Structures are given as structure tokens and as C-alpha cells.
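Analysis of the macromolecular model
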Amino acid sequence: MPQRNPASHLVSGALGGLIAVMVGAILIATGVIDTGKKTTVVEQAQIASPGSDAPKGTALKTVHQIYQQVGPGVAFIQSRLQSGASPLIPTGSGSGTATGSGVALDKRGYILTNAHVVEGASKVVVRFGTQDPVEATTAGRDPSTDLAVIKVDPSKTKLAPLELGDSNKVRVGDQVIAVGNPFGLDNTVTTGIISALQRSIDAPNGFSIDHVIQTDASINPGNSGGPLLDATGRVIGINAQIETGGTSNGSVGIGFAIPIDTAKQVVPQLESTGHVEHAYIGITTGPITKKQAHDLHLPVMDGALVRAVSPGSPAAKAGIRAGARASSGLVGGGDLVVEVAGTRIGSPLDVSTAIATRKPGETVPIKLYRDGKLLTVSVTLAKRPARVPGQGSLGGLRPFPGVP
């Protein structure tokens, strides 16, 4: 027999008093009890509010309405993984099943998810709601953005594509909704806000994913690849990682979603060729503070300070120099990048943004300060390698498809 918590008596008493107060309030509000004062009854408003780019006059929706709207388009994904084929299944551990989520893109059968959900998968099975599971093939993966496109036969399952929003127009504080399959609990909805923008996280291959959305909507293992939605039900991000506290693998209110605008650039290439070729310079940079600028005698207060140059990279061939770390922790002697391909560089994030739309083989001018002098060097961009040189496959990633 379950033990009864002594505190439950206190809870019951408190509830009894609360109910009496509520009943009285209802009677007053409905006019059964006349207090002699004018009473205004305020109904609970919809939790959601339109996003910043919503058309004027967009109707408010409750979370339930949005859930009903998008639920049929959120996929439950199971990937059969072999030992050593994925960093999620260590060598020698046999095989396992990773579970994740996905977003129906169109009626042709294409589904968007995370690359790490299907990495090393020998078999992928997809299910929408209560429909029968169907097998899927991987159309393409891009480890650099942790995005993948899988495909099902549209004649074997009913598809309800979700509307894609504009992640460039979201604001900190906007309400958001996450739908997915945490810990295998399918069709789970959670709510929160956009906690921050312009975050950077590590991709599965160790490179940086930029312009990431941070949210406090609860997401957990199994939410990978599922949608982060704005208050009208449009997809603004693909849930990818969480920050965990201590030894816990669960949500602590810090989750990260890859912007849907990044997906819009990647998806067509994955559908047509199965991969994405990213331009590559081969430098690791850090921010410059006013104190560092003063101590290192730099002529400007912002830019990207070169901390490392990969051997044989385009940057190395162009003669870009990295700094040496001093005992004080400063990186001295390195080049300070202030412009790439005509784009002003105020921080390290700007460097990757400046070449995001460039193609391998293009030559771009880079302006930098060296020993107090402004120089311009020409760099011929290369194809990004499969992973960051010297890093493991995860490169610090905190992926969370459910792995039993």
C-alpha cells in the first residue's frame, strides 16, 4: 500500500480554503452575491501571441490550437545504429536505437531532422501520430549544420507539411513551443520563450554552428530534430542540443535550436546532391577586449584575433599568422582580422557569416592588422574538411536522441 505523505493533510486543508475563496469569487463575479461594487471579469487570454513578423491581424492561438495544427506534421524517428558507426554507439557495445523527431517539409515525403539522429543508421523508421511506421531513406546529411533530410514514400503515409517561419525576425522574449518525442514519449508539447539569440554551438564534426536560438522551452533526449515553433505555429528552429547541469542528462532550461533560415539554405542542397560544401579558411579566432587591445597595442577595439591557423589551410597558404599565448592569458603577435570579403568584422562570429554564402575555390580579400599596420591578403577558400582537425567526431556536442 502506498505510504501517505503527512503533508498531504496540509495540502488538502489549503485546497479546501482555496476552493471556498474561489467559489465566493465566482458568485461575486457572476452577480449572485452583490457587493455593491462594479465587478470586471477578465477571461484568461491566449498564451500565444503572434511573432514579430506575423501579418497584421493574425489571430491569437492557444498552445492547444497550435499543437492540434502542427502535431500531424511532427515525425517520430527511430534509427538503428551499429557499434562504432556513430559516436552515440561506442565501438564494442553492439547496436542500439536512437530516437528523435522530425518535421514534414512537403507532400513529396521529405522530412527535416538532425544529422546526429541518423548518423551511422543502418535503418530508419518514421511514424506520424497514430499512423503505421514506414521506412525512410537518408537523402542527405550536413554535419556542419547538424541537419539532415530523410525521405519516405508519400503513398505509404499521410503527410502534413509544417509552415516555415523567418528566424531572422524572432526576438528575445517571444513565446515559443516545442513539439517532439522526449524519452520516447511521442507527441509531447512544451512551451517557453526565446532566451537569447546569436549563440554558437559545436556541430557533430566540431565546427561552429552560428546564429543559434536559445530557449527555455523544455527539450530532452528524443526532441532532436523536432520543431521550435513561434506563436502562430510556424517553424523557426530545429531543436538540436541542450546544456545539462552536473551529471544530469535532462533539461535545465537551456536548449538550442538551429535557425530555420539555416535549414532553408541547406535543405535544397541535401535534396539535390545529398551533401553541402562549405567554404573554409582554416583559422580559429577569438574576441578582442578593450584591455587586450590596449595591452597588445592594437589600433582598433574590435575584430577577430587569430589564435590558431590550421597547417595547409587557405589561411596558412595566404600567410595569416596566429598569436602566441602569453602567461597572462593574452594571445599576442597574431593578426587581427577586421574585414572579410568586404564585410566588416566586429567579432569572431562575423568571420563565418562573411563566408557562409561563398563557395570553395573563390578568392576573397581579408583585411587585418599586423604589428599595427593594416594589410590586405587574398585567400582562396577551400572545401571544409570532414571534421575539425585534431578533434573527435562530436567536438563537444551535446546531442540528445534517446539512446537506450
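Residues numbered from 1 in each chain as written. Predicted model: local features only at pLDDT ≥ 70, side-chain atom pairs only at ≥ 80, totals over all residues. Heavy atoms only, no water.

1. Considerations on the overall build of the protein chain
Each helix and strand counted, the protein chain has 7 helices and 22 strands in total. A burial count over the protein chain gives 43% of its 404 residues as buried. The long-range share in the protein chain, meaning contacts at least 24 apart out of those at least 6 apart in sequence, stands at 63%. Summed over all atoms, the accessible surface of the protein chain reaches about 19,800 Å², with 54% contributed by carbon and sulfur. (Helix = DSSP H or I, 4+ residues; strand = E, 2+ residues; numbered from the N terminus. Buried < 20%, exposed > 50% of the residue type's maximum accessible area, 1.4 Å probe, protein only. Contact = heavy atoms within 4.5 Å. Areas by Shrake-Rupley, 256 points an atom, 1.4 Å probe, with all protein chains shown as cover.)

2. Some thoughts on unusual backbone geometry
We note that D146 has phi near 55 degrees; this positive angle belongs to a residue other than glycine. Relative to the elements of secondary structure, D146 occurs in the loop between β5 (134-142) and β6 (147-152). In this structure D146 comes out as buried when scored by relative accessible area, which is 0%. With phi around 55 degrees, D371 is a residue other than glycine that occupies positive phi space. Along the polypeptide, D371 turns up in the loop between β20 (363-370) and β21 (373-380).

3. Points about the pattern of salt bridges
Oppositely charged side chains can pair when the atoms bearing their charge come close. Within the structure shown, the criterion is met by 13 salt bridges. In this structure, R141 engages E119 in a salt bridge whose closest nitrogen and oxygen atoms are separated by 3.8 Å. Of the two residues, R141 is situated in strand β5 and E119 in the loop between α3 (115-118) and β4 (121-128); the sequence distance between them amounts to 22 residues. For D230, the salt bridge goes to R234, with nearest N and O atoms at 2.9 Å. Each member of the pair, D230 as well as R234, is classed as buried. (Salt bridge = Lys/Arg side-chain N within 4 Å of Asp/Glu carboxyl O.)

4. Looking at the packing of aromatic side chains
On inspection of all chains with the given rule, the structure shows 1 aromatic pair. Centroid distance F207 to Y280: 6.1 Å. Interplanar angle 90 degrees. Geometry classified as edge-to-face. Of the two residues, F207 sits in the loop between β8 (188-202) and β9 (208-215) while Y280 sits in strand β13 (residues 279-280), which places them 73 residues apart along the sequence. K151 extends its terminal NZ or CZ atom over the ring of Y110, reaching a point 5.4 Å from the ring centre. Geometry around F207 places R384 over its ring, the cationic atom sitting 4.4 Å from the centre. (Phe/Tyr/Trp six-rings, centres within 6.5 Å; stacked < 30°, edge-to-face > 60°. Lys NZ or Arg CZ within 6 Å of the ring centre and 35° of its normal.)

5. As for helix α2 (residues 63-70)
Considered for burial, the residues of α2 that qualify are V63, I66 and V70. When α2 is viewed along its axis, its buried side chains cluster within an angular range of 65 degrees and face the same direction. (Arc of directions from axis to C-beta.)

6. A look at the nonpolar core
Within the largest apolar cluster, 29 residues are counted, with the highest numbers of intra-cluster contacts made by L112, L147, V235 and I238. Counting residues per element, the ones that place at least two in this core are α2, β3 (110-113), β6, β7 (175-180), β9, β11 (235-242), β12 (255-259) and α4 (260-273). Per-element tally for this core: the top contributor is α4, with 5 residues. Not counting the four nearest positions on each side in its chain, L147 is found in contact with L112, T113, N114, A115, R141, D142, I238, I258, T262, A263, V266 and L270. Among the nonpolar cores identified, the runner-up in size contains 20 residues, and A279, V306, V351 and A354 belong to it. (Core = buried A, V, L, I, M, F, W, Y, C linked by side-chain atoms within 4.5 Å.)

7. Some points on the sheet that holds β8
Spatially, the 6 strands close up into a barrel ordered β7-β8-β9-β12-β11-β10, and their pairing is antiparallel. Averaged over neighbouring strand pairs, the angle between their axes works out to 50 degrees when direction is ignored. Examined bridge by bridge, β7 and β8 share 6 bridges and lie antiparallel to one another. In the sheet register, V176 faces β8, and the bridge partner there is G192. (Pairing = 2+ DSSP bridges. Axes fitted to C-alpha atoms, helices over the stretch in contact; angles between N-to-C directions.)

8. A look at the pairing of β5
Two elements, β4 and β5, share 3 bridges in a ladder whose sense is antiparallel. Bridge pairing in β5 places V124 opposite A136. In this antiparallel pair of consecutive strands, β4 and β5, the connection spans 5 residues, and G129 shows a positive phi of 55 degrees. Alignment of β5 against β6, held across 6 bridges, turns out to be antiparallel. Paired with R141 across the two strands is A148, which belongs to β6. Count of turn residues in the β5/β6 antiparallel hairpin: 4 residues, of which D146 carries a positive phi of about 55 degrees.

9. What about the side chain of S167?
Tracing the chain through its elements places S167 in the loop between β6 and β7. Given a relative accessible area of 10%, S167 falls into the buried group. A distance of 3.1 Å separates the side chain of S167 from the backbone nitrogen of D261, its partner in a polar contact. Beyond its immediate sequence surroundings of up to four residues, S167 is in contact with I213, I236, P259, I260 and D261. (Polar contact = N/O pair within 3.5 Å; in protein donor to acceptor, adjacent residues only side chain to side chain.)

10. So, the confidence of the model for the protein chain
Taken as a whole, the protein chain shows an average pLDDT of 80; of its residues, 74% reach a score of 70 or greater. Of all helices and strands in the protein chain, the one with the weakest mean pLDDT is helix α1 (residues 7-30) (35), whereas β3 scores best (98). Of the regions scoring below 50 in pLDDT, residues 88-94 engages in 21 contacts with residues more than four places distant in sequence or in other chains. In this model residues 391-404 is a low-confidence stretch, pLDDT under 50, and it forms 59 contacts with partners more than four residues away in sequence or in other chains. (pLDDT = per-residue confidence, 0-100.)

11. Brief notes about the pairing of β9
Among the 8 residues in β9, 6 count as buried, and that is most of the element. Taken together, the 5 bridges between β8 and β9 define a ladder with antiparallel strand orientation. When the sheet's bridge partners are listed, R199 is paired in β9 with V212. Counted between consecutive antiparallel strands, the loop separating β8 from β9 contains 5 residues, among which G206 sits at a positive phi close to 95 degrees.

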